[in-house]
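Understanding the architecture of this molecule
Residue strings, one per chain:
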Amino acid sequence: MRQWPSQEYTQIKKSFFQRGEQRFDLGGGVEAFKGVFASLRPVLDDKFNKSLSVNVDVANGTFWRAQELARAIGQVFNCSPPQFAARFKTALPDWKNSHLKKDLRVFRRVGVSTTHTTEPVMWTIDDFVNMDANTASFTDPDDRSRRITIAQYFKKKYNVTCMTGKSI
């Protein structure tokens, strides 16, 4: 009963949602979709005979609007990229206890896809750290003897300039 719908529609717990259906803007980059809830339940009839019943109902679900992550953050925090960069910089000294770090948790488990590659790659946000693209670094895949920042890597590999507090 669930196999085909789960292959054709977006499944959230026992509800199914179809892309392209009517959406209702809730503000802050969030939309509501109508969907279908379905479950199979054991029941007893009036003579106490056991049987199964299909329960189908309307479901409402909320989803992030498909848009650039920077735009979604701007909508949630009601600010421009330079204003958000200033908030980020202010939060850095006490990042672990900052309100910004706590508020950014709404984006955990949000799916994002690349726009700088020919084939989009899907990622899921796990957490936010107290570094920007000019600060966070890793071992350069082309030269294992040196470290490279995320901003340097994207510029070198994709000719993309990262948006950071220093470049806004």
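Right, let's walk through the structure included here. (Residues numbered from 1 in each chain as written. Predicted model: local features only at pLDDT ≥ 70, side-chain atom pairs only at ≥ 80, totals over all residues. Heavy atoms only, no water.)

Next up on the list: the overall build of the protein. Along the backbone of the protein there are 5 helices and 9 strands. Along its sequence from the N terminus, the protein presents helices and strands in the succession α-β-β-β-β-β-α-α-α-β-β-β-β-α. What you see for the protein is a C-alpha radius of gyration of 22 Å, clearly larger than the 15 Å of a compact globule of 168 residues, by over 25%. Here the C-alpha coordinates of the protein stretch approximately 75 × 35 × 30 Å along the principal axes. A burial count over the protein gives 26% of its 168 residues as buried. Put simply, of all contacts in the protein between residues at least 6 apart along the chain, 37% involve residues at least 24 apart. For the protein, the accessible area works out to roughly 12500 Å², and carbon and sulfur atoms hold 52% of it. In the protein, 26 side chains carry a positive charge and 17 a negative one; their mean positions are 4 Å apart. (Helix = DSSP H or I, 4+ residues; strand = E, 2+ residues; numbered from the N terminus. Rg over C-alpha atoms; globule rule 2.2 N^0.38 Å. Buried < 20%, exposed > 50% of the residue type's maximum accessible area, 1.4 Å probe, protein only. Contact = heavy atoms within 4.5 Å. Areas by Shrake-Rupley, 256 points an atom, 1.4 Å probe, with all protein chains shown as cover. Lys, Arg positive; Asp, Glu negative; His and termini not counted. Charge placed at Lys NZ, Arg CZ, Asp CG, Glu CD.)

Positive phi is not limited to glycine here, since Arg 109 has a value of about 70°. Relative to the assigned elements, Arg 109 resides in the loop between helix 4 (99-103) and strand 6 (111-113). For Asn 159, which is not glycine, the phi torsion reads 55° and is therefore positive. Take Asn 159: it is sitting in the segment after helix 5 (150-158). Take Asn 159: its relative accessible area is 57%, and that puts it in the exposed class.

Judged by side-chain polarity, Met 1, Val 36, Leu 40, Leu 52, Val 54 and Val 56 come together as a nonpolar surface patch covering roughly 580 Å² of accessible area. Elements that contribute at least two residues to the nonpolar patch include exactly strand 4 (30-44) and strand 5 (50-64). Of the residues forming the nonpolar patch, the biggest block, 3 residues, is contributed by strand 5. Mapped onto the elements, Val 54 comes out in strand 5. We classify Val 54 as partly exposed; its relative accessible area is 47%. (Patch = residues over 30% accessible without salt bridge, like charges linked within 9 Å, V, L, I, M, F, W, Y side chains within 5 Å. Salt bridge = Lys/Arg side-chain N within 4 Å of Asp/Glu carboxyl O.)

Here is the key point about a regular strand: its side chains alternate between the two faces of the sheet. Summarising the sheet, strand 3 (residues 23-27) and strand 4 pair through 4 bridges and their orientation is antiparallel. Residue pairing across strands places Asp 25 opposite Glu 31, the latter belonging to strand 4. The hairpin formed by strand 3 and strand 4 contains 2 residues between the paired strands, and Gly 28 there has a positive phi angle of roughly 65°. (Pairing = 2+ DSSP bridges.)

Turning to its location among the elements, Ala 38 is positioned in strand 4. We classify Ala 38 as buried; its relative accessible area is 12%. Each C-alpha atom, one on Ala 38 and one on Glu 119, is 35 Å from the other, the two residues being 81 residues apart in sequence. If we skip the residues at most four places from it in the chain, Ala 38 touches Met 1, Arg 2, Lys 14 and Asn 55.

Turning next to the side chain of Ser 15. Along the chain, Ser 15 falls in strand 2 (residues 15-17). Once you skip the residues sitting within four places of it in the chain, Ser 15 turns out to touch Arg 2, Thr 10, Val 36, Phe 37 and Ala 59.

Keep in mind that these numbers describe shape and distance, not what the molecule does.
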